[in-house]
Amino acid sequence: MRTIAAFLCGIVFSLGLILGGMLNPSNVLSFLNVAGHWNPALVFVLGSAVFVTFCGFRLKKNLSQPLLGATFQIPASRQIDKSLIVGSCLFGLGWGLTGLCPGPAIASFFIFQPKSLLFLLDLIVGTIVFSYRNGVWRYLLRPR
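Rules used in this analysis
- Residues numbered from 1 in each chain as written.
- Predicted model: local features only at pLDDT ≥ 70, side-chain atom pairs only at ≥ 80, totals over all residues.
- Heavy atoms only, no water.
- Core = buried A, V, L, I, M, F, W, Y, C linked by side-chain atoms within 4.5 Å.
- Buried < 20%, exposed > 50% of the residue type's maximum accessible area, 1.4 Å probe, protein only.
- Contact = heavy atoms within 4.5 Å.
- Axes fitted to C-alpha atoms, helices over the stretch in contact; angles between N-to-C directions.
- Helix = DSSP H or I, 4+ residues; strand = E, 2+ residues; numbered from the N terminus.
- Nonpolar A, V, L, I, M, F, W, Y, C, P; charged D, E, K, R; others polar.
- Patch = residues over 30% accessible without salt bridge, like charges linked within 9 Å, V, L, I, M, F, W, Y side chains within 5 Å.
- Areas by Shrake-Rupley, 256 points an atom, 1.4 Å probe, with all protein chains shown as cover.
- Salt bridge = Lys/Arg side-chain N within 4 Å of Asp/Glu carboxyl O.

**Student:** How would you explain the nonpolar core if you had to name every residue and give the values?
**Tutor:** Leu17, Met22, Leu23, Val28, Phe31, Leu42, Trp95, Cys101 and Ala107 together form the largest nonpolar core, which totals nine residues. Contacts of Leu17, omitting those with residues within four sequence positions, involve Met22, Leu23, Gly103 and Pro104.

Structure below.
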């Protein structure tokens with residue numbers, strides 16, 4: 001049941017990205033260009049995400065556990081540290097340079113946009129390098 005729910009959420013998310021115009025990097029770049037020719041259309045996509053998140057957190061207050069899980073997966077740390085700031089800056093820099101972030105890039109992969117293919121390759125390489133540097137591979141490959 002959890003797999004079906006996750007799949008359906010992914011489909012709804014992908015449709016939202018498509019209908020919102022997030023798969024077109026030029027739409028994203030024109031939204032981020034507030035000093036030039038600004039296209040405010042993606043404000044509705046952002047507003048929808050904030051609204052859904054707000055509703056989810058309100059719903060969580062009334063539930064003792066999630067419908068399809070044992071516990072809620074809410075980050076415990078509220079600390080703003082160097083890793084969070086650097087990671088946020090890198091994400092924003094990449095988003096501003098390419099007009100892509102991971103969700104739309106994965107959805108764009110299925111319509112064979114060359115820019116998204118290169119972005120996903122870079123994303124995979126970056127994930128492997130990060131995982132290697134932080135010992136994730138040793139943990140995953142340890143004998144059991």
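**Student:** Could you give an account of the packing of helix H2 (residues 25–32) against helix H4 (residues 82–98), naming the residues involved and the relevant values?
**Tutor:** One way to put it is that H2 packs onto H4 with a least axis distance of 8 Å and a crossing angle of 115 degrees. Contacts from Pro25, Val28, Leu29 and Leu32 in H2 reach Trp95, Gly96 and Thr98 in H4. Along the lines of polarity and charge, the residues of the contact of H2 with H4 split into five nonpolar, two polar and no charged.

**Student:** Could you give an account of a nonpolar patch on the surface, naming the residues involved and the relevant values?
**Tutor:** A contiguous nonpolar surface patch, about 1300 Å² in accessible area, is contributed by Met1, Ile4, Phe7, Leu8, Ile11, Leu15, Ile18, Leu19, Leu59, Leu63, Leu67 and Leu68. Note that Leu68 resides in the loop between helix H3 (43–61) and H4. Judged by its relative accessible area of 39%, Leu68 falls in the partly exposed class.

**Student:** Tell me about the environment of Leu42, residues and numbers included.
**Tutor:** Locating Leu42 in the fold gives a position in the loop between H2 and H3. By relative accessible area, Leu42 is classed as buried at 5%. In the structure, Leu42 is positioned 36 residues away from Arg78 in sequence and 28 Å away in space, judged by C-alpha atoms. In this structure Leu42 touches Gly20, Met22, Asn27, Val28 and Phe31, once residues within four positions along its chain are discounted.

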